[in-house]
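# Structural characterization, general
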Amino acid sequence: MRTLLLGLGLYFLANIQLFAQCQGRTAFHSRLQGITATGFDSLALVRQRQNLEGWLSDYQKCYPVADSNYVSALNELARVHYYFAYSFNTDIAPAIVCSQRVIDAYAHPNLTLKNSDLVLANYRQGVYYDYDNAAEKSILALSKAIELGKDQPQASQSLNSAYPYVIGHYRMVGDYDRALNYAEEGEKVALRVGDDVITSKLLVQKSQVLAELGRLPEARQTLERAIALILQFPEHHRTLSGEERMLGGILYDMGQLDESLSHYHLAYAMAKKNNNENLSDYATSLGAAYLDMGNDAKAQNYFQEALRINKSKSSKSILLDYMALLQRKRKNFERALNYHQQGLNALSIGFDQTSVASLPAARLIRLASHRDYFLSIVQDKADTWLDYARHTGDDRVKLKHALRTYMLADSLIDLMRRDHTGEGTKLHWRSKARTTYERAIQTCYLLNDPVAALHFFEKSRAVLLNDQLNEHTAEAKLNAQQKTEEQKLRQATRNLEKLLTDETLSDTSLTRLRGELLAMMEEQDAFIDRLEKTNPRYFYARYDNRVPGLSAIRQKLIDGQAKKSAAFLSYFVGDSAVYGICVSPERITFQQLNREKYWNYLNEMNRLLISREAQNGHFPDYLKAAYGLYQVLVEPFELEAHTKLIISPDGPLIPFAALSLSPTKPNYLVLHHAISYTYSAGFLERAPRQAEGWWPSSRTFLGMAPVDFAPDLKQVSLTQSDQSLDNVSKEFFFAKNLVKTAASRGAFLKQAPRHRVVQLFTHATADSSRVEPKLYFADSLLRLSEVPGTPFLTQLMVLSACRTGIGQNQRGEGVFSLARGFAAVGIPSTLTTLWSVEDKPTYRLTELFHQNVSRGLSLDEALQNAQRAWLADADPEDQLPYAWAGLVLIGQAEPVCQKHYAGIWIVGGILLLGLGVLVFWNKRRNWLSSFATLRDSP
């Protein structure tokens, strides 16, 4: 006991002495300011690091609970470690560790800590990770800084530095949607704090992103605002040459060539005056502008000047490509191909073949650090081969060279697609690749190669939809080990790719890094191959970019059509030609169709199709247009009667059922063929019908009819829709109807994913404007983007609404509509409308369709029979296509459900049998009891 008391006494005495030696927080703060006030030369860095470490040690002894002084010192020590690593090429890890200690200090509530220090720690940690080539961790930390600080004025300095990093990252990887969101957010923050310099920088980045997305007028306006701000600060005028050149490029793309040329000249003069190290890029831009204006002599002069002063390999590759385009224009095809080849060799991927017939191997294209440059050169080289072939009488050898080169461009597009996440971004890349696919299809046509053409048809089609389907149907998650391995491989690959962008590397270093990158990619490929076997759902969702070939289409899309003759019709509508491919079990036909007639007849038919008055008053004109389109789109393929048609359209969705086989009397295509649509053959493959077991895994039928709508929705009542819904639901066991106020948005989101068939009688808006499609319920509306991403068990969605199938037409992506939104969550079949269909025909056609479905017919035949029945019974005025042809089936056509489920009958039979046995046993027991009583009675 005496020893214990003595020890406690000594402990308290020591602490009293320690506290007596401790300075106050104010004194510590002054000492810290003195340490951080020194410079960052080599000797000062060493002293600062030692002094900060000593300060932190002393401070923690006196004040063990973290406060603002403590985290400020840690942030400064992290920065010193960063400068130390940068100056002496040492490990960056100490800086990352220090910043993490700051972040950890905020794990528990502490009123003495300032949120601005946490924002600063996350921002700087993002910078440290960026220095370490850890892109994913860098963006995670920077994004966290932005999230924490965007509503804190005191954190504005950190935010203003974080936004450009994040915007630059997403722009570099091609995710323009995210880049634009951050640019607009950062602009608001900079304007709020009144920092015009940062605002101008963010506006420049925003303009770059808008230009990449093709929103050129907005890009121009944004950039002109940035230039006006920069002009207020003479010390920043050196950057104006870049902005003026960028403005010239935007104007060039807008077709305002004279104004573009003026800005290019101004930019070139500024860059030359300031001895800009990228002066050759300015000369190249001028040469490209003169080339497009037809002044070949001036174009060549500026290209030669750019080549003379060039200092960058990547810039040289694009310059050589422009020189190739000049020679191609002059019909000097061999010289053009040589320039293309030199451009490929300049891209530092270890490819140095001089033969114009040579192309980099598929594995080498993965080494390209500037993949956009690589894609441009490959596309242009393919176009040169095609033009050369056309110039020499469609020489087949040259055509085959063109096809090989287009295939390489396609592989590169696939590689780039993996890095793009935003919907607008993916649309941008699909649109950018569209011309390549059209020229590739033209090459296939000249070679009479329908199989290769089918590949490009599919790749030009619904790649975005397939991406969405893959994301939504990836139910299986990676386990912890797989996730760690995937992230490790991805990060290591990106680090090596970033190192390869350094144009100062020696040949030895380049060779070493290329070898390391290829080895890492091979390891990544092996990991992906293992995933295909161990986790196939994730593999198909994340990595599979294959499209079905001819044999797959025949087997899965043709032979499976209820053993009836079927044909897959796919179309490609290009800027210069229209092509069609017809695949049947016996043959494949590839045709170039009349583009001028296609558009003339389509425009006339559309004008008359969606108005009862116009169609009734000009019906002979309608028949001529409908017959003309039949001649252009269907007749060339010589289809057998009663062949089921699976149509993959390109561009506007045409109601093929309303085409006529006669120009003078209505002989509609629906009378001869059952018709369904698909976004692509790949869509049918990725959205298969889920087979039912002996017992149904989902509920049978959900019907919704709001009838009346909330006043603020401003929608007219749909009278009698509830009665039609009642008629439809009688075709199903265990149907559930939600009408009037029960047909709410929340009820749909909760109930719809669990039912096999969903029927909606409501309003919708989905037209060709930029307004997002909407679906209306009793209480509120549902936007396309709000359709839940969780997989639906629904196998058939029926949208008996106004204009649910017509949406904004994006080049290469088909029609964006509510039907497409449901397809993106894995619903394989949708019956939808193309225009504002009237109530009476909508209700009756929907009832007839469901009657046919309940009889076990395939969905395309169910719709065909419903439309035939309508035509047979309707009054002449209601036989107009306006009344009945707006209903179309998109997706799988196989039977979706029947009235009778085998599982229900089996269980019911067992229950009835058991009940019968029970009744019999009970009666037998009563009979035996009665018999025994009679036997024992006297």
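Residues numbered from 1 in each chain as written. Predicted model: local features only at pLDDT ≥ 70, side-chain atom pairs only at ≥ 80, totals over all residues. Heavy atoms only, no water.

When helices and strands are tallied, the chain shows 38 helices and 16 strands. Looking at the chain alone, contacts between residues at least 24 apart form 71% of all its contacts between residues at least 6 apart. For the chain, the computed accessible surface area is about 42600 Å², with 52% contributed by carbon and sulfur atoms. (Helix = DSSP H or I, 4+ residues; strand = E, 2+ residues; numbered from the N terminus. Contact = heavy atoms within 4.5 Å. Areas by Shrake-Rupley, 256 points an atom, 1.4 Å probe, with all protein chains shown as cover.)

Bringing the state of the cysteines into the picture now. Counting across every chain of the model gives 1 disulfide. Each disulfide pairs two cysteine sulfurs, and for C22 the partner residue is C62, the sulfurs being separated by 1.9 Å. Classification of the bridge connecting C22 and C62 rests on its S-S torsion, roughly -90 degrees, and on that basis the disulfide is left-handed. Linking C22 in the loop between α1 (2-21) and α2 (25-36) with C62 in helix α3 (residues 42-62), this pair joins segments that are 40 residues apart in sequence. We note that C22, like C62, is buried. (Disulfide = S-S within 2.5 Å. Buried < 20%, exposed > 50% of the residue type's maximum accessible area, 1.4 Å probe, protein only.)

Rolled over the atoms, a probe as big as a water molecule pinpoints where empty space is left. Put simply, the second largest pocket is a space of about 470 Å³. For the lining of the second largest pocket, the secondary structure elements donating two or more residues are α4 (68-88), α6 (115-131) and α8 (156-172). Counting residues per element, the lining of the second largest pocket draws most heavily on α6, which supplies 7 residues. In the lining of the second largest pocket, the residues fall into 8 nonpolar, 8 polar and 5 charged. (1 Å grid on protein atoms, 1.4 Å probe; cavity = no way out; pocket = protein on both sides within 12 Å on 5 of 7 lines; lining within 4 Å. Points joined across faces, edges and corners; volume = space filled by probe spheres on them. Nonpolar A, V, L, I, M, F, W, Y, C, P; charged D, E, K, R; others polar.)

Strand order in the open sheet formed by 3 strands is β9-β10-β11, with antiparallel pairing between adjacent strands. Every other strand in the sheet has two partners, leaving β9 (764-765) and β11 (781-783) as the edge strands with one partner each. (Pairing = 2+ DSSP bridges.)

As enumerated under the stated definition, the model contains 32 salt bridges in all. A salt bridge links R31 to D58; the shortest N-O distance between them is 3.0 Å. Here R31 is found in helix α2, whereas its partner D58 is found in helix α3, with 27 residues between them in sequence. Note on D58: relative accessible area 30%, which makes it partly exposed. Salt bridges linked by common partners bring R328, D383, D387 and R439 together as one network. (Salt bridge = Lys/Arg side-chain N within 4 Å of Asp/Glu carboxyl O.)

With that out of the way, let us pick up the side chain of Q864. Considering the arrangement of structural elements, one finds Q864 in helix α36 (residues 859-873). Dropping the residues within four chain positions of it, Q864 is found in contact with V670, L671, H672, H673 and A674.

Time to look at the environment of A452. Examined against the element boundaries, A452 turns out to sit in helix α22 (residues 450-459). As a C-alpha pair, A452 and M407 span 45 residues in sequence and 9.4 Å in three-dimensional space.

This part takes up the packing of aromatic side chains. Throughout the structure, instances matching the rule amount to 32 aromatic pairs. Each ring, one from F761 and one from Y843, has its centre 5.5 Å from the other, and the planes form 75 degrees; the classification is edge-to-face. Of this pair, F761 sits in strand β8 (residues 755-761) while Y843 sits in helix α35 (residues 839-854), placing them 82 residues apart in sequence. Both residues of the pair, F761 and Y843, belong to the buried class. By way of ring pairs, the aromatic residues Y82, Y83, Y86, Y128 and Y131 are connected into one cluster. Directly above the aromatic system of Y282 lies the positively charged group of R245, at a separation of 5.2 Å from the ring centroid. When the ring centre of Y388 is taken as origin, the NZ or CZ atom of K398, which lies over that ring, is 4.8 Å away. (Phe/Tyr/Trp six-rings, centres within 6.5 Å; stacked < 30°, edge-to-face > 60°. Lys NZ or Arg CZ within 6 Å of the ring centre and 35° of its normal.)

It is worth spelling out the pairing of β8 at this point. Counted residue by residue, β8 has 7 buried out of 7 residues, so it is predominantly covered. Strand direction decides the pairing type here: strand β6 (residues 699-705) and β8, joined by 5 bridges, are parallel. If you follow R699 over to β8, its bridge partner there is H755. Two elements, β8 and strand β12 (residues 796-800), share 5 bridges in a ladder whose sense is parallel. Counterpart to F761 in the pairing with β12 is S800.

So, on to helix α32 (residues 721-729). Where α32 is concerned, the buried positions are S721, S724, L725, V728 and S729. Buried residues of α32, viewed axially, fall in a sector of 135 degrees; they line one side. Among the structural elements, β6, β7 (735-739), β8 and α35 are those in contact with the buried residues of α32. (Arc of directions from axis to C-beta.)

Glancing now at the pairing of β12. Most of β12 is tucked away, with 5 of its 5 residues classed as buried. Here β12 shows no split at all, with L796, V798 and S800 on one side and M797 and L799 on the other all buried.

It is worth spelling out the nonpolar core at this point. Counting 156 residues, the largest nonpolar core has Y622, L633, F656, F849 and W884 as the members making the most contacts within it. Look past the residues within four positions of Y622 in its chain and what remains in contact with it is M605, L608, L609, Q615, A658, Y668 and P881. Membership of the second largest hydrophobic core comes to 77 residues, among which are A78, A145, I146 and I198. (Core = buried A, V, L, I, M, F, W, Y, C linked by side-chain atoms within 4.5 Å.)

Compared with the 30 Å implied by 1.5 Å per residue over 21 residues, the 30 Å span of α4 between its first and last C-alpha is a close match. Taking the backbone nitrogen of N69 as reference, a side-chain oxygen 3.3 Å away marks D67 as the first, capping residue of α4. Following α4 by one or two positions, N89 adopts a phi angle in the positive range, close to 55 degrees. (Expected span 1.5 Å × (residues − 1). Polar contact = N/O pair within 3.5 Å; in protein donor to acceptor, adjacent residues only side chain to side chain.)

The next thing to look at is unusual backbone geometry. A positive phi is found at N448, a non-glycine position, where the angle reads about 55 degrees. Summarising the element assignment, N448 is placed in the loop between α21 (423-447) and α22. One non-glycine residue, E638, lies in the positive phi region at around 50 degrees. Of note, E638 is situated in the loop between α30 (619-633) and β4 (644-648). Residue E638 is classed as exposed on the basis of its relative accessible area, which comes to 61%.

All right, on to the packing of α4 against α6 then. One can describe the packing of α4 onto α6 by two numbers: an axis separation of 11 Å at closest approach and a directional angle of 15 degrees. Between α4 and α6, the crossing angle belongs to the class labelled roughly parallel. Considering the relative orientation of α4 and α6, their crossing is left-handed. Residue-level inspection shows S68, V71, S72, N75, E76, A78, R79, Y82, A85 and Y86 of α4 in contact with α6, the latter providing D117, L120, A121, R124, V127, Y128 and Y131. A breakdown of the residues in the contact of α4 with α6 according to their chemical character gives 10 nonpolar, 3 polar and 4 charged. (Axes fitted to C-alpha atoms, helices over the stretch in contact; angles between N-to-C directions. Parallel < 35°, antiparallel > 145°, perpendicular 65-115°, else oblique. Left-handed = near helix turned anticlockwise from the far one by under 90°.)

Moving on: the side chain of H673. With respect to the helices and strands, H673 occurs in the loop between β4 and β5 (675-677). In this structure the side chain of H673 is engaged in a polar contact, spanning 2.7 Å, whose partner is the backbone oxygen of T643. When neighbours within four sequence positions are excluded, H673 is seen to be in contact with L639, E640, A641, H642, T643, L645 and Q864.

What follows covers a positive patch on the surface. Together, R699, K736, K750 and R754 give the surface a local cluster of positive charge. In this fold, R754 is placed in the loop between α33 (745-751) and β8. (Patch = residues over 30% accessible without salt bridge, like charges linked within 9 Å, V, L, I, M, F, W, Y side chains within 5 Å. Lys, Arg positive; Asp, Glu negative; His and termini not counted. Charge placed at Lys NZ, Arg CZ, Asp CG, Glu CD.)

Once that is clear, we can look at the packing of α35 against α36. α36 packs onto α35 with a crossing angle of 135 degrees between their chain directions and a minimal axis gap of 8 Å. The orientation of α35 with respect to α36, classified from their angle, is oblique. Two packed elements cross with a definite hand, and for α35 against α36 that hand is right-handed. Between α35, through P841, R844, L845, L848, F849, N852 and V853, and α36, the contact on the second element is made entirely by L859, A862, L863, N865, A866, Q867, A869 and W870. Of the residues assigned to the contact of α35 with α36, the class counts are 11 nonpolar, 3 polar and 1 charged.

Below, the discussion takes up the confidence of the model for the chain. Of all residues in the chain, 84% attain a pLDDT of 70 or more, and the chain-wide mean is 84. Mean pLDDT across the elements of the chain ranges from a minimum in α1, with 45, to a maximum in α30, with 96. Here residues 8-20 is a poorly scored stretch, pLDDT under 50, and it has 2 contacts once near neighbours within four places are set aside; other chains count. Residue range residues 899-905 is modelled with pLDDT below 50. Its contacts to residues more than four positions away, or to other chains, number 15 contacts. (pLDDT = per-residue confidence, 0-100.)

Attention shifts here to the environment of S744. Looking at the secondary structure, you find S744 in the loop between β7 and α33. Residues S744 and F709, spaced 35 residues apart in sequence, show a C-alpha to C-alpha distance of 9.7 Å. Apart from the residues within four sequence positions on either side, S744 is in contact with M704, F777, A778 and D779. At 3.1 Å, the side chain of S744 forms a polar contact with the backbone nitrogen of A747.

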